Amino acid sequence: ELKVEQNPLFLSMQEGKNYTIYCNYSTTSDRLYWYRQDPGKSLESLFVLLSNGAVKQEGRLMASLDTKARLSTLHITAAVHDLSATYFCAVEDAGNMLTFGGGTRLMVKP
Amino acid sequence: SAVISQKPSRDICQRGTSLTIQCQVDSQVTMMFWYRQQPGQSLTLIATANQGSEATYESGFVIDKFPISRPNLTFSTLTVSNMSPEDSSIYLCSVPGGGYEQYFGPGTRLTVT
């Protein structure tokens, strides 16, 4: 059974600081997703990581994937208040189904 | 990209009743997925709905409680039957897209009183 663990589950940051969210998963997979969810909203796709060593960046967010370590990271650079949201990683199995991590609730304080 | 709509967007229902949630996609897709997000929690897959076959349910979810229909390649329904307050959740449908994306609908926020 595929298990996905995220940490931390809650993160309070000051604006301008850097931080990393970690996503570990238990079985081999070639696709890992990062989503953002604002309160009361659906999921917004941030990144799809398809191969070992993949790195993608969009604005202040950068995601990477190490399939050998079964680890993905979402790095936040110089956080701003607008990044406050819950971030989920999800791992896809052979049947296109996603198993989600527990989510990281990020609060960026001025 | 796929555009997904869901109806209703939210509802408040009484214990013991049933609610059917609709999911409409703007393109034909083979697979559709239904997820549940309980308050403050992550998403859990309920079932996979393929057109022309019975839905496949994940552990902890049964057809009598969550019957699913998939009459064509752009539409699916999920019914939450005999509801209890524990069924209060956001229910989301999802489809895989080209380019390895997975798209989610806007969700249906269900409150059971």
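1. Topic: the state of the cysteines
Here is step 1 of the chain: The full count for this structure, using the stated rule, is two disulfides over all chains.
Here is step 2 of the chain: One disulfide in the model links Cys23 of chain A with Cys89 of chain A; its S-S distance is 2.0 Å. Its S-S torsion of about 85° marks the bond between Cys23 of chain A and Cys89 of chain A as right-handed, since a negative value means left-handed. Taken together, the residues span a long stretch of sequence, with Cys23 of chain A in strand S3 (residues 19-25) and Cys89 of chain A in strand S9 (residues 85-92) at a distance of 66 residues. Accessibility classification places Cys23 of chain A together with Cys89 of chain A in one group, the buried group.
Here is step 3 of the chain: Cys13 of chain B carries a free sulfur, and the closest cysteine sulfur to it, the one in Cys93 of chain B, is 17 Å from it.

2. Quick word on the interface of chain A and chain B
Here is step 1 of the chain: Facing the 19 residues of chain A at the interface are 18 residues of chain B.
Here is step 2 of the chain: Both sides together, the interface formed by chain A and chain B hides about 1,500 Å², and carbon and sulfur atoms give 56% of it.
Here is step 3 of the chain: The largest per-residue losses of area from chain A upon contact with chain B belong to Ser42, Asn96 and Met97 of chain A, which jointly make up 29% of the total buried on that side.
Here is step 4 of the chain: Our enumeration of links across chain A and chain B arrives at zero salt bridges.
Here is step 5 of the chain: Joining chain A to chain B, the criterion identifies nine residue pairs in polar contact (both at pLDDT 80 or more).
Here is step 6 of the chain: Going through the elements one at a time, strand S4 (32-37), strand S5 (43-49), S9 and strand S10 (98-100) of chain A are the ones with two or more residues in the side of chain A that touches chain B.

3. Some details on the sheet that holds strand S7 (residues 61-66) of chain A
All names here are of chain A.
Here is step 1 of the chain: Within the open sheet, the five strands sit side by side as S1-S3-S8-S7-S6. Their pairing is antiparallel. The outermost strands of the open sheet, each flanked by one partner alone, are strand S1 (4-7) and strand S6 (55-58). Adjacent strand axes in the sheet meet at a mean angle of 15°, parallel and antiparallel pairs treated alike.
Here is step 2 of the chain: The pairing of S3 with strand S8 (residues 71-76) spans six bridges and is classified as antiparallel. Its bridge partner being in S8, Tyr19 is matched across the sheet by Ile76.

Parameters and conventions
Residues numbered from 1 in each chain as written. Chains lettered and ligands numbered in written order. Predicted model: local features only at pLDDT ≥ 70, side-chain atom pairs only at ≥ 80, totals over all residues. Heavy atoms only, no water. Disulfide = S-S within 2.5 Å. Helix = DSSP H or I, 4+ residues; strand = E, 2+ residues; numbered from the N terminus. Buried < 20%, exposed > 50% of the residue type's maximum accessible area, 1.4 Å probe, protein only. Contact = heavy atoms within 4.5 Å. Buried area = accessible area lost by both parts, 1.4 Å probe. Salt bridge = Lys/Arg side-chain N within 4 Å of Asp/Glu carboxyl O. Polar contact = N/O pair within 3.5 Å; in protein donor to acceptor, adjacent residues only side chain to side chain. Pairing = 2+ DSSP bridges. Axes fitted to C-alpha atoms, helices over the stretch in contact; angles between N-to-C directions.

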